[in-house]
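Results of the structural survey
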Amino acid sequence: MNSGTNSGADSAADSSDGDYRVYNNFYGPQYHGRAHFGIATAAERPGRARATGLLDADEIDALLRSYIRPDCFDEAAHELSRTGIVVLTGPQGTGKRSGAVALLRETVGPSADYVVLSPDIGLDQLAERTFDAGVGYVVLDRTGTAGAADTAGTTADDAGPSSDFDWRRVRDQLRRHRAHLVITTVHGVAGRSPKAVRHLPWRPPLLDKVVRARLVQARIPRETVDRAVAGIPPRCPLAVVADAAQRIAAGADPDQAWKEHSGSAPQAVQEWFGAEEERSLREIAEVTTLAFAPGIGRRAFESLQDLLERLLGPVYFTPEAAAAAGTGAGTRAAADGASAPDATGQTAAPDGQDPQQRRRARPVDRRRSLSRNALITTEMQIYGATTREVMVFADAELRRWVLQALWRDHPTEYWDAVRHWLDALVDADPDPALQLSIASGLTLLGHIAFDEVVQSYLDPWARGESGETGQTLAVYVLWYMCLEETQAAAALTLARTWAQSTHPTLRGTALLAFSGQLGVTFPTDAVKWLWAVLRTSALEKQQEREHGLRAWAQLFLTLVDCQEDAGIVLDALAHRIRKEQRTRSAAYSATGLLVLETTLWIFTATERLSGRPAVARYVTDRPEEADVVAELWAAILCYRPLRRNALSALLVTVRGLHAVTSDPTAAAARLGHALAAALPQVEHPLLTSELGRLADSRPTRAPGPDCVATLLGALNRVKDTHPR
């Protein structure tokens, strides 16, 4: 595991203890089946990682290119135009996302701004929000309020006598500001539908029209278009149809495109599980092990499978099954080398042999059994200059279908055994690759059994019941969920409930989650809940306070690494400092001091691999943000207890400009001018003197111009322009 941040703050120098001391980050993308996790380059990312904020023209064009209106479109557009708000309900895969944007374009026009709000936003927050006139807003896959949701998936603000009143407040607020809002959700309204805001069931357009529109626009020959339309699989989700049509438009053969999307994976899994002869314990253990641990070597795979078989034994060999085995019903199990366990859980050996003697006489031949399993194969993977053989599914798509079949066909006792098995793996502190495999498997299982994943794994692990490794795995699952449009909102809601908990370890896990991929996907929510946890932790133990400070620094570093807008973090701190400076009479309040300390942690955060200050790269990548950076630096420089560390961080940052830009002199001058404007006049000579002495006491051999002298020169030039 890699720590995501280093901090030069004295208060953090020895913060290495605690249940959640390591903040994990992945340098380079990770691929596990269909899942992709990690910090990818701009060229590797298929689109923006952020799920909220302003939609740019390219995103809108991608959503609405060749858009086909469903039958319900006109009714929704009329309601949105009339009242300023409409709610689209329906299952995933019905085109609600593109439909919401199309409705806004129809209502507010193509030249307006479209802003995506957090799916976790509540009706009270919407009713109190200041909307911009003429702007279209959308909430995708809304989960509800910041309060807890009930087990049926509906939220507190969707039901009850106050529901219509709350919706009316939202509608009136939108009218007052002349804005428009479209909300999408998979949940219908519990009880009576509110009268103030229409909740319309959303239906997808006819699939053949979607395919024809996309292919005709791409000028595909009519014969190919007809073949593509004729090959649409039954009950195919709209997203799959759109993706296949895009591939066909790019030149793929229609038959091959539909085969890859609908494919043979579901049929292969159905035939394997539905075979006339019931699958043995060993075969079930094989596919279960591979579902949660693909891509590992044979030896490691067989060890995991052996442990799982021993846990599954009581499930498959009940007293009734053991009796039947004596009459021939257990022939298949015996053929695979597996026998029913006795009352102590040990497998009974035939012919009166001791189980250990029987095991020595006839070793279990798992490799032969694996070679007969049609769902499993091996492949050679290249690792640097070497290759190794790993276990994989014959088709990458088989993994999710196997999990679906296992969930559908196997009892609670089976899943209890799987839970004990995964807990044992977590307790053994598996390597990072296996941790990612387990996390991606649980993410896929969450598509069909989300409650099972949360209740059996994520909540217990997040509470620390399996130590730091369990917390890390719970966070990985949430991060994987963020990569799926259909699960990102659920990940946000779950992390928010942890952040609101009174359990310190749950709050610590929430810090981990929000400081990584979840914070990249929902940065505004991450800032909100990281601050809430930090304020709570600051009143309790110092160790928890440091975890919260480190999480802020890690979020900033992650956003900078991902080339996302890390300014969200700095803007939030600058807003609180301005508020503090307007209201305080003399000394900073406890909240103000916490903001200053958080700022210092962010400015001392360095990248693990390069050691470069993250803020150095930020000010060079976004030169227009130099004023905000300088404003924050001025605040911590003027607070004397933090001044020494602030000066040290400033020196490291200015000297680090060489490594992040081809023109470090211009960047240093820009930061110097911004500091001169942000600092009180009386601070200018003090900063020049102290930073100059600090630079002299820490000589550097870095080539190139002296950026410290450039910064101080810019500061002094501004000073000389002021009348004395």
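For the structure, check the block above.
Residues numbered from 1 in each chain as written. Predicted model: local features only at pLDDT ≥ 70, side-chain atom pairs only at ≥ 80, totals over all residues. Heavy atoms only, no water.

1. So, the nonpolar core
Counting 149 residues, the largest nonpolar core has Phe292, Leu442, Phe514, Leu518, Phe556 and Trp633 as the members making the most contacts within it. Core analysis: the second largest hydrophobic core is formed by 26 residues, Leu64, Phe73, Val108 and Val182 among them. (Core = buried A, V, L, I, M, F, W, Y, C linked by side-chain atoms within 4.5 Å. Buried < 20%, exposed > 50% of the residue type's maximum accessible area, 1.4 Å probe, protein only.)

2. Topic: the pattern of salt bridges
Applying the stated rule across the entire model yields 34 salt bridges. For arginine 82, the salt bridge identified is with glutamate 79, shortest N-O distance 2.7 Å. Here glutamate 79 and arginine 82 lie together in helix α2 (residues 73-83), a separation of three residues that amounts to about one turn. For arginine 171, the salt bridge is made with aspartate 172, and the minimal N-O distance between the two is 3.2 Å. (Salt bridge = Lys/Arg side-chain N within 4 Å of Asp/Glu carboxyl O. Helix = DSSP H or I, 4+ residues; strand = E, 2+ residues; numbered from the N terminus.)

3. What to know about unusual backbone geometry
Phi angles above zero are rare outside glycine, and aspartate 141 is one such case at about 55°. You can see aspartate 141 is positioned in the loop between β6 (136-139) and α5 (163-177). Backbone geometry at glutamine 563 places phi at a positive 60°, although glycine is not the residue there. Turning to its location among the elements, glutamine 563 is positioned in the loop between α26 (542-561) and α27 (567-583).

4. Digging into helix α18 (residues 412-427)
With 16 residues, α18 extends 22 Å from end C-alpha to end C-alpha; this agrees with the ideal 22 Å at 1.5 Å per step. The secondary structure elements touched by the buried residues of α18 are α11 (281-292), α12 (298-316), α17 (398-409), α19 (432-446), α20 (450-462) and α21 (467-482). Looking one or two residues beyond α18, the residue adopting positive phi is aspartate 429, at roughly 55°. (Expected span 1.5 Å × (residues − 1). Contact = heavy atoms within 4.5 Å.)

5. Digging into the packing of aromatic side chains
If you walk through the whole model with that rule in mind, you get 12 aromatic pairs. The interplanar angle of 75° and the centroid separation of 6.2 Å between the aromatic rings of phenylalanine 292 and tryptophan 421 together place this pair among those described as edge-to-face. Highlighted residues: phenylalanine 292 in helix α11 and tryptophan 421 in helix α18, separated in sequence by 129 residues. You'll find phenylalanine 292 and tryptophan 421 in the same group, each marked buried. Aromatic side chains tryptophan 531 and tryptophan 552 sit 6.1 Å apart centroid to centroid with 90° between the ring planes, which places their arrangement in the edge-to-face category. Remark: tryptophan 552 occurs in helix α26 and tryptophan 531 occurs in helix α25 (residues 523-538); sequence separation between them is 21 residues. (Phe/Tyr/Trp six-rings, centres within 6.5 Å; stacked < 30°, edge-to-face > 60°.)

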